[in-house]
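What follows is each chain in one-letter form.
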Amino acid sequence: MIVGKASEETEAGVMPSQELVDNMMAYNEALVKAGVLLAAEGLYPSSQGAQIAYSGGKAKVIDGPFAEAKELIAGFWLIQVKSREEALEWALRVPVPPGHDGIGLDVWQVFDATDMPESSLSPETAQREAALRETLEDRQES
């Protein structure tokens, strides 16, 4: 997963320039052509979001906006590649908006049930996980 960090502009709801939109579209098209893109979305500013905080076993909703823009995300790409190196190669190609000096991207490996040692999943849990994935695949084909 390639995570784009928020900036003061994205937190203020400033829309990207047409040039940046065009560059992002070309980047997304390259990901699709390479067969690696699973999802890519931008996020609304944190003023439209909420956080859930837990204390003493109880959940509390905290409405945005949130203070540190540099700690927030503005969007993401979910890609399926063969290696960390390939993920980094794609991340290095993300178009950089003007004025984003010091604001970068995070690249994270996504963990799923297939990454867990077989001994850590009960047979019932493994079956349930497989059924969930099959249902998701069926929905995507529909």
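Summarised in this report is the structure supplied together with it. (Residues numbered from 1 in each chain as written. Predicted model: local features only at pLDDT ≥ 70, side-chain atom pairs only at ≥ 80, totals over all residues. Heavy atoms only, no water.)

Here we take up the sheet that holds strand E1 (residues 2-5). As summarised here, the arrangement of the four strands in space is E2-E5-E1-E6, forming an open sheet in which the pairing is antiparallel. At either margin of the open sheet sits one strand with a lone partner, and together these are strand E2 (37-42) and strand E6 (105-107). Sheet twist, expressed as the average angle between the axes of neighbouring strands with direction ignored, equals 15°. Relative to strand E5 (residues 73-79), E2 runs antiparallel, the two sharing five bridges. Across the sheet, residue Glu41 finds its bridge partner in E5, namely Phe76. (Pairing = 2+ DSSP bridges. Helix = DSSP H or I, 4+ residues; strand = E, 2+ residues; numbered from the N terminus. Axes fitted to C-alpha atoms, helices over the stretch in contact; angles between N-to-C directions.)

Relative to E5, E1 runs antiparallel, the two sharing four bridges. Of the residues in E5, the one forming a bridge with Gly4 is Gly75.

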